[in-house]
Amino acid sequence: MYTLSDGTRVIFRKDFGQNSHPIGNIFQGKGAIDHYNIEIQIPKANGSVKTIENLHIVPNSSGGFTWWGKDGVTKK
């Protein structure tokens, strides 16, 4: 996680193995999915944060990736 000077947080995570989990949408019903995760969170006045992006990058068997975030599938 990296925090910018304005309080915005950028989180990079590798959710593989024990850290993998179901991610829904096009992966609904497939159980825990190994994936990379990028989140961008902005601070709110009450001290909490609001997630403005939550991008999942899922490797596939042919060496490529499916990118899925708030706007749906952005790359396949």
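Here, the structure is the one placed above.
This text gives an overview of the structure that appears in the document. (Residues numbered from 1 in each chain as written. Predicted model: local features only at pLDDT ≥ 70, side-chain atom pairs only at ≥ 80, totals over all residues. Heavy atoms only, no water.)

Another aspect to go through is the nonpolar core. One finds I23, F27, I33, V58 and W68 forming the largest nonpolar core, which totals 5 residues. Aside from chain neighbours lying at most four places away, what touches V58 is I23, F27, I33, D34, H35, G64, F65 and T66. (Core = buried A, V, L, I, M, F, W, Y, C linked by side-chain atoms within 4.5 Å. Buried < 20%, exposed > 50% of the residue type's maximum accessible area, 1.4 Å probe, protein only. Contact = heavy atoms within 4.5 Å.)

For the structure on display, the rule yields 2 salt bridges. With a closest N to O distance of 3.1 Å, E39 and R13 form a salt bridge. Taken as a pair, E39 in strand β3 (residues 35-43) and R13 in strand β2 (residues 9-15) lie far apart in primary sequence, 26 residues in all. Judged by its relative accessible area of 33%, R13 is partly exposed. Through salt bridges with shared partners, a single network forms among R13, D15 and E39. (Salt bridge = Lys/Arg side-chain N within 4 Å of Asp/Glu carboxyl O. Helix = DSSP H or I, 4+ residues; strand = E, 2+ residues; numbered from the N terminus.)

Once that is clear, we can look at the environment of T74. Along the chain, the position of T74 falls in strand β6 (residues 72-75). Excluding anything up to four places from it in sequence, T74 contacts L55 and W67.

What follows is about the sheet that holds β2. The strands that make up a sheet pair up through hydrogen bonds in the backbone, lying either parallel or antiparallel. Here we have 6 strands laid out as an open sheet, ordered β1-β2-β3-β4-β5-β6, and antiparallel in their pairing. With one partner strand each, in any of the chains shown, β1 (2-3) and β6 form the two edges of the open sheet. Summarising the sheet, β1 and β2 pair through 2 bridges and their orientation is antiparallel. Among the inter-strand pairings, T3 is bridged to a residue of β2, identified as R9. (Pairing = 2+ DSSP bridges.)

Scanning the entire structure with this criterion turns up 1 aromatic pair. A cation over an aromatic ring shows up here: K14 above the ring of F16, its NZ or CZ 5.0 Å from the ring centre. (Phe/Tyr/Trp six-rings, centres within 6.5 Å; stacked < 30°, edge-to-face > 60°. Lys NZ or Arg CZ within 6 Å of the ring centre and 35° of its normal.)

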